[in-house]
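# Working through the structure, step by step
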Amino acid sequence: MNFELSEEHKMIRDAAREFAQELKAGVIQRDEEAKFPTDFVKQMADLGFMGIMTPEAYGGAGMDTLAYVLVLEEIAKIDASAAVIVSAHNSLVLYGLNAFGTEEQKQKYLVPLAKGAKLGAFALSEPEAGSDASSQHTTAEDKGDHYLLNGTKNWITNGGHADIYLVIAQTHPEKGHKGINVLIVEKGLPGFTIGPKENKLGIRSSDTHSLLFSDVKVPKENRIGEDGFGFKFAMKTLDGGRIGIAAQALGIAAGAYNLALAYSKERKTFGKPISEHQAIQFKLADMEVDIETARLLTYKAAWTKDQGLPYGKEAAMAKLHASEVAMKHTVEAVQVHGGYGYVKEYHVERLMRDAKITQIYEGTSEIQRLVIAREILR
């Protein structure tokens, strides 16, 4: 085993770390105003982050999953909203198009997405289909040369700013999850409406919307895979997406820890820095241990995927642990800051709010435990 990053990975990490410092300017204001970081998304495209795992032949950076994880971790330390924009775009949209799309679909959609010229969104969740992803009420009726799409999707990251959407819908209800398809849907099609922006607790500068489809005609050539492949597509895509959310959670936890550590050396009580009080030292020690275990699980999941090995369990373990570490230790970071942790200018309260969603989206902690249990009981 070699736990040392390659020089190339170190360069990617350092580039992301340097860029993240630029994100810090205005991050509190963007959070308060729920403002999408349009200019920064363009910068991330210029840096290659918006197509980091996509082959160079299709406009991407051609790097591996570990490089992607390193980028997300560094960005999430400062701005978890920016991190999830990158994560949803790469893991949930570009991965599926590259792995399962036709050459025509790749040329038309994957290339501009990987270059960052267009933004992608993944539409799976519905009012009655969250953890039970097979319970799709959105329908894609086969009309011969096209599908007629009807229904509503909820909680769609990048929902308002995306140009290309991968939409999961039921075509053959009698077949259950084997009758589901995935369709490439372009913004602006007649009958496709974007609902109001959600007013969220955290990751407020990423935009989250409902999507409404009313007799939307989607060309048959926009279906990815064979008829009925949609549910498998979603499950395979979410496995990789969970590695991205693990990296985001890891970054949130590490960012909060860095702030708590620095503050503990500056803040004095009873004539000495609070870092010299054992109560604070124990908090910092617990943070270090838990964050490092989350990092190892996340990097291992990325490595496993890059080796071409089955990685569903590893992704679920990383996502479960990293998200719970993020929630636990952002709370502790606020505690270390005391009253200052409760005000916005010290950043930790924002990281605490951002942490919660990592236990929910792309499979709740409860679903991750089911995935893990199913694997170990086989």
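Residues numbered from 1 in each chain as written. Predicted model: local features only at pLDDT ≥ 70, side-chain atom pairs only at ≥ 80, totals over all residues. Heavy atoms only, no water.

## Considering the UniProt feature "domain: Acyl-CoA dehydrogenase/oxidase N-terminal" (unreviewed entry) in the chain
On the UniProt side, "domain: Acyl-CoA dehydrogenase/oxidase N-terminal" (unreviewed entry) is annotated at positions that read residues 6-116 here. Note that residues 6-116 is 74% helix and 0% strand, and that its end C-alpha atoms are spaced 26 Å apart. (UniProt positions renumbered as here; feature names shortened; annotations may be inferred. Helix = DSSP H or I, 4+ residues; strand = E, 2+ residues; numbered from the N terminus.)

## Overview of the nonpolar core
Counting residues in hydrophobic clusters, the biggest one holds 70 residues, and the most contacted among them are Met44, Met50, Ile52, Ile75, Met287 and Ile291. Taken together, the elements giving at least two residues each to this core come down to α1 (7-24), α3 (38-46), α4 (65-78), α5 (80-100), α7 (230-266), α8 (278-306), α9 (312-337) and α10 (348-357). Counting residues per element, this core draws most heavily on α7, which supplies 13 residues. Built from parts of two domains, this core gets at least three residues from each of domain 1 (7-119) and domain 3 (237-377). When neighbours within four sequence positions are excluded, Ile52 is seen to be in contact with Ile12, Ala61, Gly62, Met63, Ala67, Tyr68, Val71 and Asn90. (Core = buried A, V, L, I, M, F, W, Y, C linked by side-chain atoms within 4.5 Å. Buried < 20%, exposed > 50% of the residue type's maximum accessible area, 1.4 Å probe, protein only. Domains from an automatic or database assignment. Contact = heavy atoms within 4.5 Å.)

## Examining the UniProt feature "domain: Acyl-CoA dehydrogenase/oxidase C-terminal" (unreviewed entry) in the chain
Feature annotation in UniProt assigns "domain: Acyl-CoA dehydrogenase/oxidase C-terminal" (unreviewed entry) to the following positions: residues 230-377. Regarding residues 230-377, the helix share stands at 77% and the strand share at 3%, and the terminal C-alpha atoms are separated by 26 Å.

## Some points on α4
In a regular helix each residue adds 1.5 Å, so 14 residues correspond to 20 Å; α4 covers 21 Å between its end C-alpha atoms and thus fits that length. Counting buried residues along α4, 14 of its 14 residues qualify, which places the element largely inside the surrounding structure. (Expected span 1.5 Å × (residues − 1).)

## Things to note about the domain arrangement of the chain
A common way to report how large an interface is uses the accessible area buried once the components associate. With domains assigned, the chain is organised as domain 1 (7-119), domain 2 (121-230) and domain 3 (237-377). On a C-alpha basis, the centres of domain 1 and domain 3 stand 21 Å from each other. In this assembly, 26 residues from domain 1 lie in contact with 31 residues from domain 3. Summed over both partners, the interface of domain 1 with domain 3 buries about 2200 Å², with 63% contributed by carbon and sulfur atoms. Here domain 1 and domain 3 share 2 salt bridges between them. Put simply, Arg353 and Asp31 hold a salt bridge, and the shortest N to O gap is 2.8 Å. Taken together, domain 1 and domain 3 are joined by 8 residue pairs in polar contact (both at pLDDT 80 or more). Mapped by element, the contributors of at least two residues to the side of domain 1 that touches domain 3 are α2 (27-33), α4 and α5. Here the residues of the side of domain 1 that touches domain 3 sort into 15 nonpolar, 4 polar and 7 charged. (Buried area = accessible area lost by both parts, 1.4 Å probe. Salt bridge = Lys/Arg side-chain N within 4 Å of Asp/Glu carboxyl O. Polar contact = N/O pair within 3.5 Å; in protein donor to acceptor, adjacent residues only side chain to side chain. Nonpolar A, V, L, I, M, F, W, Y, C, P; charged D, E, K, R; others polar.)

## So, the packing of aromatic side chains
Inspection of every chain in the model, using the stated rule, returns 11 aromatic pairs. Aromatic pair Phe100 and Phe233: ring centres 5.8 Å apart, planes at 65°, arrangement edge-to-face. Separated by 133 residues along the polypeptide, Phe100 in helix α5 and Phe233 in helix α7 bring together distant segments of the chain. Aromatic pair Tyr263 and Tyr346: ring centres 6.1 Å apart, planes at 90°, arrangement edge-to-face. (Phe/Tyr/Trp six-rings, centres within 6.5 Å; stacked < 30°, edge-to-face > 60°.)

## Notes on a nonpolar patch on the surface
A surface patch of nonpolar side chains, about 450 Å² in accessible area, is lined by Met1, Phe3 and Leu296. By the element assignment, Leu296 lies in helix α8. Judged by its relative accessible area of 41%, Leu296 is partly exposed. (Patch = residues over 30% accessible without salt bridge, like charges linked within 9 Å, V, L, I, M, F, W, Y side chains within 5 Å. Areas by Shrake-Rupley, 256 points an atom, 1.4 Å probe, with all protein chains shown as cover.)

## Description of the environment of Asn158
With respect to the helices and strands, the residue Asn158 is situated in the loop between β3 (146-157) and β4 (164-170). Separated by 51 residues in sequence, Asn158 and His209 have C-alpha atoms that sit 7.8 Å apart. Look past the residues within four positions of Asn158 in its chain and what remains in contact with it is Phe36, Ile85, Ala88, His89, Leu119, Gly120, Ala121 and Asp207.

## Things to note about unusual backbone geometry
Excluding glycine, residues mostly carry a negative phi; peptide bonds, for their part, are mostly trans. Phi is positive for Ala34, close to 50°, though the residue is something other than glycine. Counting through the fold element by element, Ala34 comes out in the loop between α2 and α3. Of the residues examined, Ala34 reaches a relative accessible area of 17% and is grouped as buried.

## What to know about the pairing of strand β1 (residues 120-123)
Two faces, one strand: in a regular strand the side chains alternate between the faces of the sheet. Here β1 shows a buried face lined by Gly120 and Phe122 and a second buried face lined by Ala121 and Ala123. In the sheet, β1 pairs with β4 via 4 bridges, with the strands oriented parallel. Pairing of Ala121 across the sheet is with Tyr165, part of β4. (Pairing = 2+ DSSP bridges.)

## Description of the pattern of salt bridges
The final tally for this structure, using the stated rule, is 20 salt bridges. Between Glu7 and Lys10 there is a salt bridge; the shortest N-O distance is 3.6 Å. Within this pair, Glu7 and its partner Lys10 are both found in helix α1, separated by 3 residues, close to a single helical turn. With a shortest N-O distance of 2.8 Å, Arg295 and Glu73 are connected by a salt bridge. Here Glu73 lies in helix α4 and Arg295 lies in helix α8, a separation of 222 residues in the sequence.

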